[in-house]
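A closer look at the structure
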There are 2 protein chains.
Amino acid sequence: MKEKISQLKADMFKAIAHPTRIRILELLKDGELCVCEIFEKLNVEQANTSQHLAVLKKQDILKSRKEGLRVIYSIKYPEVIEILEIADKILKMQLDEALKAFGSTK
Amino acid sequence: MKEKISQLKADMFKAIAHPTRIRILELLKDGELCVCEIFEKLNVEQANTSQHLAVLKKQDILKSRKEGLRVIYSIKYPEVIEILEIADKILKMQLDEALKAFGSTK
DNA sequence: AAATTATATTAGTATATTTTAATATACTTT
DNA sequence: AAAGTATATTAAAATATACTAATATAATTT
């Protein structure tokens, strides 16, 4: 039972754990965007962008709606952004520490 | 530049994104443990546990110290636990919603 | 209804991750 | 210094992910 929940959480993190998908989430932080806007801003192939969006949607992290020809994606649970912000914070601390290691005669 | 930072964040999430590693982090939430305690509690092979610990340590998420024969691991940045707690919260909302979908004539 | 536009899907190849099993290292105790 | 513990490393096989290119779908405009 506990194992299954860990698996579900791992699946969620796996969905997030890709540079392109992280950039997608950061783009969508301030509101919804259509696929065309996303792949142009990211400079990533349309097909590849679609695939990454599909990963995030399958994992129930993004939602989408159709508007004419366009498909508009947005973040389903804003808490995901909190996760990214904490990751940012940790990364800064890590880099900070790595930098300090230089100062001390290393 | 922005791409490199996304890559670093992705690497961090990748390190977290495994059921066994998530369980390790949850075990260490309340304090340090040696490898022998960890793999016994998790019911995972010693070698495999070592490998997963190495992944988390390489990513600077865990730290370790030696005490006699034992190696004792602990969480380096408590913020990682916050990330797991938010993931928990999101997962609960997702499951909740999935459950509700049943109620409504689906 | 044909052509156009936006998005999605599929298949194939390339890469990366995970697991298992065997072995190595590094302290400790005898 | 030999034997015993605790942990780490390595190699090989199995599995999963990612990217590219080609093609398919679906709504729109002409």
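Residues numbered from 1 in each chain as written. Chains lettered and ligands numbered in written order. Predicted model: local features only at pLDDT ≥ 70, side-chain atom pairs only at ≥ 80, totals over all residues. Heavy atoms only, no water.

Points about the sheet that holds strand β1 (residues 33–34) of chain B
Residues and elements named next belong to chain B. The strand order across the open sheet formed by 3 strands is β1-β3-β2, and the pairing between neighbours is antiparallel. With one partner strand each, in any of the chains shown, β1 and β2 (62–67) form the two edges of the open sheet. Pairing analysis gives 2 bridges linking β1 to strand β3 (residues 70–75), with the strands arranged antiparallel. Of the residues in β3, the one forming a bridge with L33 is Y73. (Pairing = 2+ DSSP bridges. Helix = DSSP H or I, 4+ residues; strand = E, 2+ residues; numbered from the N terminus.)

Some words on the packing of aromatic side chains
The full count for this structure, using the stated rule, is 1 aromatic pair over all chains. Between A:F13 and B:F13, the ring centres sit 6.1 Å apart and the planes meet at 20°, which makes this aromatic pair stacked. Residue A:F13 is located in helix α1 (residues 2–16), and its partner B:F13 is located in helix α1 (residues 2–16); the two belong to separate chains. Neither A:F13 nor B:F13 differs from the other in exposure class; each is buried. (Phe/Tyr/Trp six-rings, centres within 6.5 Å; stacked < 30°, edge-to-face > 60°. Buried < 20%, exposed > 50% of the residue type's maximum accessible area, 1.4 Å probe, protein only.)

Quick word on the packing of helix α5 (residues 79–103) of chain A against α1(B)
Running from N to C, α5(A) and α1(B) point in directions that differ by 100°, and their axes come no closer than 10 Å. Classified by the angle between their axes, α5(A) and α1(B) sit roughly perpendicular to one another. Residue-level inspection shows A:I83, A:L84, A:A87, A:D88, A:I90 and A:L91 of α5(A) in contact with α1(B), the latter providing B:I5, B:L8, B:K9, B:M12 and B:F13. Taken together, the residues of the contact of α5(A) with α1(B) sort by class into 9 nonpolar, no polar and 2 charged. (Axes fitted to C-alpha atoms, helices over the stretch in contact; angles between N-to-C directions. Parallel < 35°, antiparallel > 145°, perpendicular 65-115°, else oblique. Contact = heavy atoms within 4.5 Å. Nonpolar A, V, L, I, M, F, W, Y, C, P; charged D, E, K, R; others polar.)

Re the protein's contact with DNA strand C
Not every one of the 21 residues close to DNA strand C is listed here, only the nearest: A:C36, A:Q46, A:S50, A:Q51 and A:Y73. Here DNA strand C approaches the protein such that, of its atoms within 4 Å, sugar and phosphate make up 59%. A distance of 3.3 Å is found between a phosphate oxygen of DNA strand C and a side-chain nitrogen or oxygen belonging to B:H18. In the model, a phosphate oxygen of DNA strand C is placed 3.0 Å from a nitrogen or oxygen of the B:H52 side chain. Among the secondary structure elements, those contributing two or more residues to the surface near DNA strand C are α3 (35–42), α4 (46–58) and β3 (70–75) of chain A together with α4 (46–58) of chain B. When the residues that make up the surface near DNA strand C are grouped by side-chain class, the tally is 9 nonpolar, 8 polar and 4 charged. (Near = heavy atom within 4 Å. Polar contact = N/O pair within 3.5 Å; in protein donor to acceptor, adjacent residues only side chain to side chain.)

Here's the deal with α4(A)
Residues and elements named next belong to chain A. A rise of 1.5 Å per residue sets the reference length of α4, with its 13 residues, at 18 Å; its end C-alpha atoms lie 18 Å apart and thus fit the reference within 8%. Listing the buried residues of α4 in full gives T49, H52, L53 and L56. Buried residues of α4, seen end-on, are gathered within an arc of 100° and therefore sit on one face of the element. Exposed and facing more than 90 degrees away from the buried side of α4 are Q51 and K58. Lining the buried residues of α4 we find α1, α2 (19–28), α3, β2 (62–67) and β3. (Expected span 1.5 Å × (residues − 1). Arc of directions from axis to C-beta.)

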